[in-house]
Amino acid sequence: MPELPEVETIKRSLEPVCGRRVVEVIEVNPVVVKRRDFSASSLVGCVLKQVARRGKYLVLEFDEDHFMVVHLGMSGRFYRMASSEERAKHTHFIVKLKAGEELRYWDPRRFGGVWLVSKPAELFTALGPEPFTDDFCQEYLQERFHGRKAAIKSLLLDQSVVAGIGNIYADEILFAAGIHPARPAGSLSAEELERLCKVTGEVLGRGIDCRGTTFRDYRDGNNERGGFQDFLTVYSREGEPCTVCGQQICRIKLGGRSSHYCPCCQK
DNA sequence: AGCTCACCCTGGACGC
DNA sequence: TGCGTCCAGGGTGAGC
């Protein structure tokens, strides 16, 4: 389940291929391309200038205002691989680069997608601030959450509130903040919001340091597993003891998503 | 406007 | 062994 730390890790692991020229593009499954301002073949001859991230989106910038935006949904991978390596089932889109290497978009569940656009910012107009910027602060959350009755967990998952948080890190962030996931967002005090902002950066930062969380599908840009799954405090730990107080971790459904929390540490 | 929920999709786990 | 059913969830959109 690629969230901000996973996409950031992929971004960093793709930096070595910046500067390489595209020699061929193969649309194995054109259905995954959600929008095309230009044909895939017009990428041929372009140089990959840089790789960026916005929320959970990976943004590949080629020259001549050609951008390839990738979202990995919940089961997607985007990685570099030698062209000689066998192509796995569910490989939907391939960008072949000079020197025998290629970028492969693989996604068995196809919840993700690819956008070939000239102005990527148009895709991101509804996205909230990045959690590592000054815009993401206690005052901002106070304004956004004022009067809101929805569960804080649901709003942390809302990409228009803050970009990049998914189900795993939302649970981990709320545990670190000592806040119960079902609390109405509008009921959080200024102190709690301050703490929420602080631990959001810390938890996501640790996720990046561990190169992401791999349960099943996630791999980085080198097709390697992450390490944060070994440090999870609540997610996927239903019935196991809390790492702080020893109480059993509980699981409830909020907004259709599993939410894990410690009934003793989170109020 | 805010909130909840169904839907898309596939592979894996589980029960019979 | 094999079949059927359920579950995971990011984003979107329908409906209340």
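For the structure itself, look to the data block above.
Nothing here was measured: the structure is a model prediction, and the numbers come from that model.

Caption draft 1: View of the overall build of chain A. Helix and strand content of chain A: 5 helices and 11 strands. For 267 residues, the compact-globule estimate of 2.2 N^0.38 gives 18 Å, and the C-alpha radius of gyration of chain A, at 20 Å, lies within 12% of that figure. Along the first, second and third principal axes, the C-alpha atoms of chain A reach 55 × 35 × 30 Å. In chain A, which comprises 267 residues, the share counted as buried stands at 56%. Considering only contacts within chain A whose residues lie at least 6 apart along the sequence, 63% involve residues at least 24 apart.

Caption draft 2: Quick peek at helix H2 (residues 138-145). Among the residues making up H2, those that are buried are Gln 138, Tyr 140, Leu 141 and Phe 145. The buried residues of H2 occupy one face: seen down the axis, they fall within an arc of 160°. Away from the buried face of H2 by more than 90 degrees, exposed residues Glu 139 and Glu 143 are located. Looking at the buried side of H2, the elements it contacts are helix H3 (152-157) and helix H5 (190-209). Just downstream of H2 lies Gly 147, where phi reads positive at about 75°.

Caption draft 3: Representation of the protein's contact with DNA strand C. Not every one of the 14 residues close to DNA strand C is listed here, only the nearest: His 71, Met 74, Tyr 235, Arg 251 and Arg 257. Counting only atoms of DNA strand C within 4 Å of the protein, the sugar-phosphate share comes to 51%. Side-chain polar atom of Arg 251 to a phosphate oxygen of DNA strand C: 2.5 Å apart, as the coordinates give it. Within the side chain of Lys 253, a nitrogen or oxygen atom sits 2.9 Å from a phosphate oxygen of DNA strand C. Among the secondary structure elements, those contributing two or more residues to the surface near DNA strand C are strand S10 (250-254) and strand S11 (257-261). Here the surface near DNA strand C is composed, by residue class, of 4 nonpolar, 5 polar and 5 charged.

Caption draft 4: Focus on the pattern of salt bridges. Under the counting rule described, the total for this entry stands at 20 salt bridges. A salt bridge links Glu 8 to Arg 12, with the nearest nitrogen and oxygen atoms 2.9 Å apart. Here Glu 8 and its partner Arg 12 are both found in helix H1 (residues 4-14), 4 residues apart, which amounts to about one turn of the helix. Judged by relative accessible area, Glu 8 falls into the buried class, the value being 8%. We classify Arg 12 as partly exposed; its relative accessible area is 46%. The salt bridge involving Arg 35 is made with Asp 37; its shortest N-O contact spans 3.1 Å. Residue classification places Asp 37 among the partly exposed residues on the basis of a relative accessible area of 36%. Residues joined in a network through salt bridges with shared partners are Glu 8, Lys 11, Arg 12, Arg 53, Arg 54 and Glu 130.

Caption draft 5: Quick peek at the protein's contact with DNA strand B. The environment of DNA strand B is made up of Lys 89, His 90, Pro 108, Arg 109, Arg 110, Phe 111, Arg 148, Lys 149, Ala 150 and Arg 216. Counting only the atoms of DNA strand B that lie within 4 Å of the protein, the sugar and phosphate share comes to 69%. Between DNA strand B and Arg 148, the relevant distance is 2.4 Å, taken from a phosphate oxygen to a side-chain nitrogen or oxygen of the residue. Between DNA strand B and Ala 150, the relevant distance is 3.0 Å, taken from a phosphate oxygen to a main-chain nitrogen or oxygen of the residue. Class assignment of the residues belonging to the surface near DNA strand B gives a composition of 3 nonpolar, 1 polar and 6 charged.

Procedures and definitions
Residues numbered from 1 in each chain as written. Chains lettered and ligands numbered in written order. Predicted model: local features only at pLDDT ≥ 70, side-chain atom pairs only at ≥ 80, totals over all residues. Heavy atoms only, no water. Helix = DSSP H or I, 4+ residues; strand = E, 2+ residues; numbered from the N terminus. Rg over C-alpha atoms; globule rule 2.2 N^0.38 Å. Buried < 20%, exposed > 50% of the residue type's maximum accessible area, 1.4 Å probe, protein only. Contact = heavy atoms within 4.5 Å. Arc of directions from axis to C-beta. Near = heavy atom within 4 Å. Polar contact = N/O pair within 3.5 Å; in protein donor to acceptor, adjacent residues only side chain to side chain. Nonpolar A, V, L, I, M, F, W, Y, C, P; charged D, E, K, R; others polar. Salt bridge = Lys/Arg side-chain N within 4 Å of Asp/Glu carboxyl O.

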